[in-house]
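Working through the structure, step by step
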Amino acid sequence: MVGIYLSGTGNTRHCIEKFLSDSDAAAKCIPIEDEAAVEALRENGEVVLAYPTQFSNVPYMVKDFVRKHEKLWSGKRVFLITTMGAFSGDGTGCCARILKKYGAVISGGMQIRMPDAVCDSKMLKKSLAENRRIVREADAKIEKAVSDIRNSGKYPREGLSFPAHLAGLFGQRLWFYGKTTGYSGKLKISDACIGCGLCASNCPMGNLRIEDGRAVNLGRCAMCYRCISTCPQQAITLLGKKVVEQCRCEKYEGTSD
Ligand SMILES: Cc1cc2nc3c(=O)[nH]c(=O)nc-3n(C[C@H](O)[C@H](O)[C@H](O)COP(=O)(O)O)c2cc1C
């Protein structure tokens, strides 16, 4: 088994690492931007694919990866994990439908609520204690799923049903569809940028470059918020105008409130 994931602020990485370490300690977990992900996909019959829900859809970078390697999915057993701040009708189903077209067998899916990642919006922001509680609940949900799979062979099937499809479509996708049909060119870098290069070295898309001491957006943003959540100058925004909170999963992984 191998895990392949996209994660911006660390939520999805947290969930897939927990799922894999609880179910198969020997399984590797590889970020989608790592070249090793393709070789791992080729070599493994069982794949856990995980990503954050974006507007109740699959991030374009993940769709792009799935489509680019369409020939490698045939006959694979794929378990999908999506993370979300609040709602994702068929966050797993959207990708499951593409994977099935390429011959994959979907063993199940989990849609896990995690802290919100949209650092430049006040919506869905929670206290530290609340975010820690959300992460603890996510951990408990993963533990139960792994135990059910092990004890009864019963895989969760969240987001894979027809009603879930309708909920995702009418609840969000119809209104926001355009946001996930390509990479975004809308990343903004303010004058506060000091050209430290952290964003450029962390970006899963290689979308940022340092030129003349400033970060430059090359117009292929995966909307993952990794750069926004780590910029020491809080100089980067995407959907909003100002950084409200630099959400990083590790802040919420502590056990005490
Ligand atoms: C561009 C964008 C769109 C999002 N859309 C949704 C959404 O439709 N529903 C939802 O519940 N959460 C949404 N979220 C929240 C993330 O899915 C959630 O915080 C996720 O756990 C982030 O995972 P990551 O840290 O692995 O990137 C969105 C986040 C971003 C950045």
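The subject of this paragraph is unusual backbone geometry. Located in the positive-phi region is Y225, a residue other than glycine, with phi close to 75°. Along the polypeptide, Y225 turns up in the loop between β8 (214-217) and α8 (226-230). Overall, Y225 belongs to the buried group, its relative accessible area being 5%. Even without being glycine, Q234 reaches a positive phi, approximately 50°. According to the relative accessible area criterion, Q234 is partly exposed, its value standing at 41%.

Now for the sheet that holds strand β4 (residues 77-84). With parallel pairing, 5 strands are arranged side by side in an open sheet as β2-β1-β3-β4-β5. Both edges of this open sheet fall to β2 (28-31) and β5 (105-113), since each of them pairs with a single strand only. Each strand axis lies, on average, 20° off the axis of its neighbour in the sheet, ignoring direction. One ladder, built from 7 bridges, connects strand β3 (residues 46-52) with β4; its direction is parallel.

Time to look at the pattern of salt bridges. A full pass over the atoms with the stated rule returns 15 salt bridges. Where R209 meets E211, a salt bridge forms, and the shortest distance between an N and an O atom there is 2.8 Å. With a relative accessible area of 43%, R209 lands in the partly exposed category. The exposure class of E211 is partly exposed, given its relative accessible area of 34%. For R248, the salt bridge goes to E250, with nearest N and O atoms at 3.5 Å. By relative accessible area, R248 is classed as buried at 14%. Relative accessible area serves as the criterion here: at 44%, E250 is assigned to the partly exposed category. By sharing partners, the salt bridges in this structure join K18, D22 and E143 into a single network.

As a further point, take the domain arrangement of the protein. Partitioning the protein into domains gives domain 1 (2-179) and domain 2 (183-237). On the side of domain 2, 11 residues touch domain 1, which itself brings 15 residues to the contact. Here domain 1 packs against domain 2, burying approximately 1,200 Å² in sum over the two surfaces, 60% of which is carbon and sulfur. There are 1 salt bridge connecting domain 1 and domain 2. Among the ionic pairs, R226 bridges to E33, the shortest N-O distance being 3.1 Å. The interface formed by domain 1 and domain 2 holds 6 residue pairs in polar contact (both at pLDDT 80 or more) in total.

As a further point, take the packing of helix α1 (residues 11-23) against helix α5 (residues 128-152). If you want to describe how two helices pack, look at the angle between their axes and the distance between the axes. The geometry of α1 relative to α5 is characterised by a closest axis approach of 10 Å and an angle of 35° between their N-to-C directions. For the pair α1 and α5, the sense of crossing is right-handed. Contact residues: H14, C15, K18, F19, D22 and S23 in α1; V135, D139, I142, E143, V146, I149 and R150 in α5. When its residues are assigned to classes, the contact of α1 with α5 shows 6 nonpolar, 2 polar and 5 charged.

Geometry of an aromatic ring pair is reported as the spacing of the ring centres plus the angle between the planes. Scanning all chains against the criterion turns up 4 aromatic pairs. For the ring pair F19 and F79, a centre distance of 4.8 Å and an interplane angle of 10° mean the geometry is stacked. Here F19 is found in helix α1, whereas its partner F79 is found in strand β4, with 60 residues between them in sequence. Its relative accessible area of 4% is what places F19 among the buried residues. Each ring, one from F79 and one from Y155, has its centre 6.0 Å from the other, and the planes form 55°; the classification is tilted. Taken together, the residues span a long stretch of sequence, with F79 in strand β4 and Y155 in the loop between α5 and α6 (162-176) at a distance of 76 residues. Assessed through its relative accessible area of 3%, F79 is described here as buried. By relative accessible area, Y155 is classed as partly exposed at 24%. Of note, R77 hangs over the ring of Y155, and the distance from its end group to the ring centre comes to 5.5 Å.

The rules behind the values
Residues numbered from 1 in each chain as written. Predicted model: local features only at pLDDT ≥ 70, side-chain atom pairs only at ≥ 80, totals over all residues. Heavy atoms only, no water. Helix = DSSP H or I, 4+ residues; strand = E, 2+ residues; numbered from the N terminus. Buried < 20%, exposed > 50% of the residue type's maximum accessible area, 1.4 Å probe, protein only. Pairing = 2+ DSSP bridges. Axes fitted to C-alpha atoms, helices over the stretch in contact; angles between N-to-C directions. Salt bridge = Lys/Arg side-chain N within 4 Å of Asp/Glu carboxyl O. Domains from an automatic or database assignment. Contact = heavy atoms within 4.5 Å. Buried area = accessible area lost by both parts, 1.4 Å probe. Polar contact = N/O pair within 3.5 Å; in protein donor to acceptor, adjacent residues only side chain to side chain. Left-handed = near helix turned anticlockwise from the far one by under 90°. Nonpolar A, V, L, I, M, F, W, Y, C, P; charged D, E, K, R; others polar. Phe/Tyr/Trp six-rings, centres within 6.5 Å; stacked < 30°, edge-to-face > 60°. Lys NZ or Arg CZ within 6 Å of the ring centre and 35° of its normal.

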